[in-house]
Amino acid sequence: MPNDMMRGADLILQDGPGQVMPGAVPDSTVDLAQPLRHLPRHLSRRQKAAIIVRLLLAEGAELALQDLPDSLQGELVHQMSTMRYVDRATLKAVIDEFVFEIEEIGLSFPGGLENTLSVLDGTISPATAARVRQLSGVEITHDPWITISNTPVEQLLPLLEHESAEVSAVLLSKLRTSVAAELLGKLPGQTARKIAFAVSLTSTIAPNVVARIGRSLAEQLCDRPAKAFEDDPSERVGSILNVSPATTREEVLEGLEQEDTEFASAVRKSIFTFANVPERLQPTDVPKVTKDIDQATLVTALAAATGDLEPAANFVLDAMSKRLAEQIREEMEERGTVKPAEGDAAMNEIVAQIRTLEIEGEITLITPDEDG
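If you're wondering where the values come from, they're calculated on a predicted model, not measured in any experiment.

Visitor: For this particular structure, what's the right way to read the overall build of the chain?
Guide: Assigned secondary structure in the chain consists of 20 helices and 2 strands. Expressed as a percentage of the 372 residues in the chain, the buried residues total 34%. Of the contacts made within the chain by residues no fewer than 6 positions apart, 77% connect residues no fewer than 24 positions apart.

Set out below in structure tokens:
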């Protein structure tokens, strides 16, 4: 429950039926027509919060009390354990004041550094967020498992690779089943088996140990140095080479092979050119791609796709309607020989359209074989 929901007005509590707490005002003096903020303020905020929480739970509300710091949760439990009865008149007055205070709230802030950075995510740079954490010190005041659960799989994988099987087992147990399965599938078989077996040993682990593990893992995630670029270097080079002339692309790739074979292989996997269309594009998606491409550009690209690129041109034509394919073939014959620069530009426009549709979720490209 957010902190502002813990606000109530002064309450009149009873230790037992008919016994009013010392300093409280008898029921007959409570003016229920007035907001409870006019009642004598003789009870603590913990008592107010306990009444509101007990009422909401009695009504079947689902309260995210686990999001509160452990110290506040403990204080709430202790306070509720010391309370007995509240008369109806007082309860009504409590509800009236509680509603009044909630309605008076115009704006609320998340509270805590990590919660604030979460709200600002996407509006400030990663470098700024990292600098703020560094200057303020990393202090996990909220449930660390919330931070961990919202972390991409690619960032969680290194934790599993460097932590013990026991810690990794706790991590997997706290994640959604689908996410845990994805992580497990990315690990070597022997490592995955060790972690899976370690899960069987977590049945007796104490909650405070799980909390400490969560804080440690969350701090590791927060301590990651900020990156200037979100995507992998091989993907950035691949994106550049995607729209480079074919001769330039091959020259660069040959040079990379001589410098770093592994990096060159990663770049090749990230490259998507017109030649990759048959192996990456679904035939049913071809009409989605070509409908927004100027027909003259399409004709130029297909006419220029000779030699090794001819299979890509035939793939596109075979996926079209028979009438449209015949019309384009006729225009290709009329177009004749295409200059290499014009052909590259036309094919790059088609590739760019495919990439745009993929980003927008209109189409899904076929994932290349990792062993390929």
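This is not the end of the story, as more comes after the structure.
Visitor: When you look at the side chain of R249 in this model, what are you seeing that I'm missing?
Guide: Residue position: R249 is located in helix α13 (residues 246-259). Despite being buried, R249 has no salt bridge partner; E250 is the closest side chain of opposite charge, sitting 4.8 Å away. Leaving out residues up to four positions away in the same chain, R249 has contacts with L241, N242, S244, I271 and T273.

Visitor: I keep staring at the packing of α13 against helix α14 (residues 261-270) and nothing clicks. Help me out?
Guide: At a minimum axis distance of 6 Å, the contact between α13 and α14 shows a crossing angle of 145°. Contacts between α13 and α14 pair E250, L253, L256, E257 and E259 from the former with T261, F263, A264, V267 and R268 from the latter. Tallied by class, the residues present in the contact of α13 with α14 amount to 5 nonpolar, 1 polar and 4 charged.

Visitor: What is the right way to read the nonpolar core from this model?
Guide: Considering soluble globular proteins, one finds that nonpolar side chains tend to be buried as a cluster. In this structure, F274, V277, L281, L302, I328, I350 and I354 are the most contacted members of the largest nonpolar core, which totals 32 residues. Setting aside its immediate chain neighbours within four residues, L302 contacts F274, A313, V316, L317, I328 and M332. Judged by nonpolar contacts, the second largest core, of 23 residues, contains W145, L159, V167 and I195.

Visitor: Explain helix α1 (residues 45-58) here, please?
Guide: Given 3.6 residues to a turn, an α-helix orients residues that are three or four positions apart in the same direction. Under the 1.5 Å per step criterion, the end-to-end length of α1 is 20 Å for 14 residues, consistent within 8% with the ideal 20 Å. Inspection of α1 places Q47, K48, A49, A50, I51, I52, V53 and L55 among the buried residues, and these make up the whole buried set. For α1, the elements touching its buried residues are α2 (70-81) and α3 (88-104). Phi turns positive one or two residues past the end of α1, at G60, with a value near 85°.

Visitor: Is there a simple way to think about the packing of helix α17 (residues 295-304) against helix α20 (residues 340-359) in this case?
Guide: The description of two helices packed together rests on the angle between their axes and the distance between the axes. It is the contact of α17 with α20, at a shortest axis distance of 8 Å, that shows an interaxial angle of 115°. α20 is crossed by α17, and the crossing has left-handed handedness. Taken together, the residues of α20 that come into contact with α17 (itself represented by T297, L298, T300, A301 and A304) are E342, G343, A346, M347, E349 and I350. Taken together, the residues of the contact of α17 with α20 sort by class into 6 nonpolar, 3 polar and 2 charged.

Visitor: Just checking my understanding: could you explain helix α12 (residues 233-242) for this structure?
Guide: All buried positions along α12 are accounted for by S234, G238, L241 and N242. Along α12, the residues classed as buried sweep out an arc of 105° about the axis, all on the same side.

Visitor: Got a minute to help me understand the environment of A218 in this structure?
Guide: Within the fold, A218 resides in helix α11 (residues 207-222). In this structure A218 comes out as buried when scored by relative accessible area, which is 0%. Separated by 69 residues in the primary sequence, A218 and S149 have C-alpha atoms spaced 9.9 Å apart.

Visitor: How should the pattern of salt bridges be read in this particular structure?
Guide: Pairing is possible between side chains that carry opposite charge, provided their charged atoms lie close to one another. Applying the stated criterion to the full structure yields 6 salt bridges. The partner of R268 in a salt bridge is E257, with the nearest N and O atoms 3.3 Å apart. Here E257 lies in helix α13 and R268 lies in helix α14, a separation of 11 residues in the sequence.

Visitor: It is not clear to me how a negative patch on the surface should be interpreted in this structure. Could you clarify?
Guide: A grouping of E326, E330, E333 and E334 is seen on the molecular surface, where their side chains present a negatively charged patch. By the secondary structure assignment, E330 is in helix α19 (residues 322-335).

Definitions and cut-offs
- Residues numbered from 1 in each chain as written.
- Predicted model: local features only at pLDDT ≥ 70, side-chain atom pairs only at ≥ 80, totals over all residues.
- Heavy atoms only, no water.
- Helix = DSSP H or I, 4+ residues; strand = E, 2+ residues; numbered from the N terminus.
- Buried < 20%, exposed > 50% of the residue type's maximum accessible area, 1.4 Å probe, protein only.
- Contact = heavy atoms within 4.5 Å.
- Lys, Arg positive; Asp, Glu negative; His and termini not counted.
- Salt bridge = Lys/Arg side-chain N within 4 Å of Asp/Glu carboxyl O.
- Axes fitted to C-alpha atoms, helices over the stretch in contact; angles between N-to-C directions.
- Nonpolar A, V, L, I, M, F, W, Y, C, P; charged D, E, K, R; others polar.
- Core = buried A, V, L, I, M, F, W, Y, C linked by side-chain atoms within 4.5 Å.
- Expected span 1.5 Å × (residues − 1).
- Left-handed = near helix turned anticlockwise from the far one by under 90°.
- Arc of directions from axis to C-beta.
- Patch = residues over 30% accessible without salt bridge, like charges linked within 9 Å, V, L, I, M, F, W, Y side chains within 5 Å.
- Areas by Shrake-Rupley, 256 points an atom, 1.4 Å probe, with all protein chains shown as cover.
- Charge placed at Lys NZ, Arg CZ, Asp CG, Glu CD.

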